[in-house]
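What follows is each chain in one-letter form.
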Amino acid sequence: MKSLGKKKRRWWQPFVVPVVVFSLLVWLCVLSAGYFKKVNAMQGLALTEQAVRKAVLECYAIEGMYPAELSYLQEHYNLRIDGDKYRVSYDCFASNIMPQIHVFER
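Residues numbered from 1 in each chain as written. Predicted model: local features only at pLDDT ≥ 70, side-chain atom pairs only at ≥ 80, totals over all residues. Heavy atoms only, no water.

Enquirer: Explain the overall build of the chain here, please?
Expert: In terms of helices and strands, the chain carries two helices and two strands. The order of α-helices and β-strands along the chain, N terminus first, is α-α-β-β. Compactness check: the chain gives a C-alpha radius of gyration of 29 Å against a globular reference of 13 Å for 106 residues, more than 25% above the reference. Principal-axis analysis of the C-alpha atoms places the extent of the chain at approximately 100 × 20 × 20 Å. Buried residues in the chain amount to 17% of all 106 residues. (Helix = DSSP H or I, 4+ residues; strand = E, 2+ residues; numbered from the N terminus. Rg over C-alpha atoms; globule rule 2.2 N^0.38 Å. Buried < 20%, exposed > 50% of the residue type's maximum accessible area, 1.4 Å probe, protein only.)

So this is what it looks like as structure tokens:
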């Protein structure tokens, strides 16, 4: 005589919870990797813009004028920009007015 309270367990039932938990962990890792990549890219843009502004201000403090071209900063003030990753918009109106500096991701 069979017991009325017991159900027959299938062979796959013990594996359901571990597979679901593992799938959720993998999904969480993929999402967090994308988030950290985005944060890293934003920090790279900010650091590049800060480096350009620092070189511009250093040039102004030493020479008393803002450089007309970004290449002047690269030659004389050791400014290095990764041209494969970033594009810098450097717009100098006059030698006594702070240039407009914008950094974009390529």
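Additional details are given in the paragraphs that follow.
Enquirer: Would you mind showing me how to read the pairing of strand β1 (residues 86–91) here?
Expert: Consecutive side chains of a regular strand alternate in pointing toward one face of the sheet and then the other. Covered by surrounding structure in β1 are Y86, V88 and Y90 only, the residues R87, S89 and D91 on the alternate face being uncovered. One ladder, built from six bridges, connects β1 with strand β2 (residues 100–105); its direction is antiparallel. Among the inter-strand pairings, Y86 is bridged to a residue of β2, identified as E105. (Pairing = 2+ DSSP bridges.)

Enquirer: When you look at the confidence of the model for the chain in this model, what are you seeing that I'm missing?
Expert: The predicted coordinates of low-pLDDT regions are not to be read in fine detail. For the chain, per-residue confidence averages 88 on the pLDDT scale, and 93% of positions sit at 70 or higher. For the chain, helix α1 (residues 13–63) is the element with the lowest average pLDDT, namely 90, and β1 is the one with the highest, namely 93. (pLDDT = per-residue confidence, 0-100.)

Enquirer: How should the pattern of salt bridges be read in this particular structure?
Expert: Two side chains bearing opposite charge may form a pair once their charged atoms approach each other closely. All told, the structure shown has one salt bridge when counted by the stated rule. The closest approach of N and O atoms between E49 and R53, which form a salt bridge, is 3.0 Å. Of this pair, E49 and R53 both sit in helix α1, four residues apart, roughly one helical turn. Given a relative accessible area of 24%, E49 falls into the partly exposed group. For R53, a relative accessible area of 30% puts it in the partly exposed group. (Salt bridge = Lys/Arg side-chain N within 4 Å of Asp/Glu carboxyl O.)

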